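Fold and geometry: a report
One letter stands for each residue in the lines below.
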Amino acid sequence: MKFIDEANITVESGKGGSGCVSFRREKFIPKGGPDGGSGGRGGDIILVTSSRKRTLYDFNYKKVFKAQNGSGGEGNQRTGKDGDDLIIEIPPGTVVVNADTGEPIKDFVNPDETFVLAKGGRGGQGNTHFKTSTHQTPRFAQPGEPAETFNIRLELKLIADVGLVGLPNAGKSTLISVISSARPKIGAYPFTTLIPNLGVVKPRWGGEAFVVADIPGLIEGAHAGAGLGIQFLRHVERTRFLVHMIDVSSIDIDDPLRDYETINRELTLYSEELSHKPQIVVLSKMDLTGAEEAADSFQKAIESHLVQISPKIYLGRISAATGSGIDDLISTIVSFLDATDENRQENEF
Ligand SMILES: Nc1nc2c(ncn2[C@@H]2O[C@H](COP(=O)(O)OP(=O)(O)OP(=O)(O)O)[C@@H](O)[C@H]2O)c(=O)[nH]1
Ligand SMILES: [Mg+2]
């Protein structure tokens, strides 16, 4: 199973600005001395790990990163402006390798780690610098130092931010195929998914990408090994919250919460912690006939039930077939992720 995100990029630091050849020209000073200033320093390429970053998705689109060159020195001993550094944010957990030699450059583990990957060139010295007692009018200056260029490969072991759980056939794989570029097997029969799939979701309207894990369906008794068992739940153990999907066409009007409770029971039997993860509950296949009535009965039942239970939930209705409710679901996921980001930061202080 390959849950590795990879990207190849090229980075180039800024060149140093060239030194300047210039002589003072002032009234009453016919033969002014040299006054050429030095060039500015080129910008560095700096890698920084940011906990906001979760994938290497954006590197599929931007491949070349270049820091600013230093400006040339000027007369009157003016030093050229330094080039701006270019800071590239990467997710913690990223491994950086020299793509040409295969040599490892650095393993980034924690947030806020900083590393200068390519150093900007030093500015060349202006002719002022070369004046000596025997050489009063140097007509030369130094060029700036060249830039450093590297081709690097970024590698990241993907960790799912969001876990998709539900009974077999709920439409989990269909959802992940609609919202991400993952192409899992989808079937009109239970247990289509035999191994977990990860999908990277980039909201249409921009913002950070996130990772969703689609795991095989759970059934009653899964904790005791029924169906495909719960071995796959470890893939969602470290996610920040769950999307719990329920096929609206399987809702029993007389017992609307049955499927929902079956899954929650299995989660609790697997691990207490998993049962306390926040859930976004999603009713799927809303395009089918009778879906609204079934969804209303579910919503009524869960609202009266929820008054007593602790995990935070949010209820959504979607159809992967027509696309209805999908954008709302993605923006709800993003706001849950942002909220858990804040919690994480608070915990760090
Ligand atoms: N009408 C309709 N059918 C859907 C929708 N989403 C999924 N389906 C169908 O439901 C069936 C099951 O979908 P899957 O995505 O394979 O379900 P799953 O939850 O991944 O199932 P397992 O992998 O077996 O756990 C397929 O026949 C899908 O075409 C939807 O929005 N509307
Ligand atoms: Mg599936």
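Analysis parameters
Residues numbered from 1 in each chain as written. Chains lettered and ligands numbered in written order. Predicted model: local features only at pLDDT ≥ 70, side-chain atom pairs only at ≥ 80, totals over all residues. Heavy atoms only, no water. Core = buried A, V, L, I, M, F, W, Y, C linked by side-chain atoms within 4.5 Å. Buried < 20%, exposed > 50% of the residue type's maximum accessible area, 1.4 Å probe, protein only. Helix = DSSP H or I, 4+ residues; strand = E, 2+ residues; numbered from the N terminus. Domains from an automatic or database assignment. Contact = heavy atoms within 4.5 Å. Near = heavy atom within 4 Å. Polar contact = N/O pair within 3.5 Å; in protein donor to acceptor, adjacent residues only side chain to side chain. Areas by Shrake-Rupley, 256 points an atom, 1.4 Å probe, with all protein chains shown as cover. 1 Å grid on protein atoms, 1.4 Å probe; cavity = no way out; pocket = protein on both sides within 12 Å on 5 of 7 lines; lining within 4 Å. Sits in = over half its atoms within 2 Å of the grid points. Pairing = 2+ DSSP bridges. Buried area = accessible area lost by both parts, 1.4 Å probe. Axes fitted to C-alpha atoms, helices over the stretch in contact; angles between N-to-C directions. pLDDT = per-residue confidence, 0-100. Phe/Tyr/Trp six-rings, centres within 6.5 Å; stacked < 30°, edge-to-face > 60°. Lys NZ or Arg CZ within 6 Å of the ring centre and 35° of its normal.

What follows concerns the nonpolar core. V11, F59, I88, L154, L233 and V236 are the most contacted members of the largest nonpolar core, which has 37 residues in total. For this core, the secondary structure elements donating two or more residues are β1 (4–12), β2 (45–49), β4 (86–90), β7 (114–118), β8 (149–157), β10 (197–201), β11 (210–214) and α3 (258–270). Two domains each donate at least three residues to this core, and these are domain 1 (1–158) and domain 2 (162–348). If near-sequence neighbours (up to four positions away) are discounted, V11 is found in contact with I45, F65, I88, L117, E148, T149, F150 and I152. Formed by 21 residues, the second largest nonpolar core is a distinct cluster that contains M245, V282, I333 and F336.

It is worth spelling out the site of ligand 1 at this point. The immediate surroundings of ligand 1 are formed by 22 residues, with K172, T174, F191, T193 and D287 found nearest. Here T174 contributes a side-chain N or O atom positioned 2.5 Å from an oxygen atom of ligand 1. Between ligand 1 and D287, the relevant distance is 2.8 Å, taken from a nitrogen atom to a side-chain nitrogen or oxygen of the residue. The protein chains hide 86% of the 650 Å² of surface that ligand 1 would expose on its own. Most atoms of ligand 1, that is more than half of them, are within 2 Å of grid points of the second largest pocket.

With a phi close to 65 degrees, N76 is a non-glycine residue in the positive phi region. For N76, the position within the fold is in the loop between β3 (64–66) and β4. Positive phi, close to 65 degrees, is recorded for K285, a residue that is not glycine. Residue position: K285 is located in the loop between β13 (279–284) and α5 (291–306).

What follows covers the pairing of β13. Buried residues dominate β13, accounting for six of its six residues. Bridge analysis of strand β12 (residues 241–247) against β13 gives six bridges, and the strand direction is parallel. Paired with V243 across the bridge in β13 is I280. Two elements, β13 and strand β14 (residues 313–317), share five bridges in a ladder whose sense is parallel. Each bridged residue has a counterpart across the sheet, and for I280 the counterpart in β14 is Y314.

Moving on to the domain arrangement of the protein. As assigned here, the protein comprises domain 1 (1–158) and domain 2 (162–348). Taking only C-alpha atoms into account, the centre of domain 1 sits 47 Å from that of domain 2. Counting from both sides, the interface comprises 10 residues of domain 1 and, opposite them, 16 residues of domain 2. When domain 1 packs against domain 2, the two sides together hide about 1300 Å² of surface, and 58% of this comes from carbon and sulfur. Its largest share of buried area at the contact with domain 2, domain 1 owes to F3, R54 and Y57, together 46% of the area lost on that side.

Another aspect to go through is the environment of I195. Mapped onto the fold, I195 is located in the loop between α1 (172–179) and β10. C-alpha of I195 to C-alpha of P104: the two residues are 91 residues apart in sequence and 31 Å apart in space.

The strand order across the open sheet formed by six strands is β10-β11-β9-β12-β13-β14, and the pairing between neighbours is mixed. The sheet is open, and its two borders are formed by β10 and β14, each paired with just one other strand. Shown here is a sheet whose adjacent strand axes are inclined to one another by a mean of 25 degrees, direction ignored. Of the strands in this sheet, β9 (162–166), β10, β11 and β12 are in contact with α1, which crosses β10 at around 35 degrees. Sheet strands in contact with α3 are β9, β12, β13 and β14, and its direction is about 145 degrees off that of β12.

In this section: the confidence of the model for the protein. Mean pLDDT over the protein works out to 88, with 94% of the residues at or above the 70 mark. Taken as a whole, residues 345–349 scores under 50 in pLDDT and shows one contact with residues more than four places along the chain or in a different chain.

Quick look at the side chain of S319 now. Within the element layout of this structure, S319 appears in the loop between β14 and α6 (326–348). S319 gets classed as buried once you look at its relative accessible area, which sits at 0%. Leaving out residues up to four positions away in the same chain, S319 has contacts with K285, M286, D287, S324 and I326.

This paragraph deals with the packing of aromatic side chains. Taken as a whole, this structure holds six aromatic pairs when the rule is applied. Considering the side-chain rings of F130 and F140, the 5.2 Å spacing of their centres and the 45 degrees angle between planes classify their relative orientation as tilted. Taken together, the residues F130 in the loop between β7 and β8 and F140 in the loop between β7 and β8 connect sequence positions 10 residues apart. Note that K62 overlies the ring of F65, its terminal NZ or CZ placed 4.7 Å from the centroid. The positively charged end of K106 is found above the aromatic ring belonging to F108, 5.3 Å away from the centroid.

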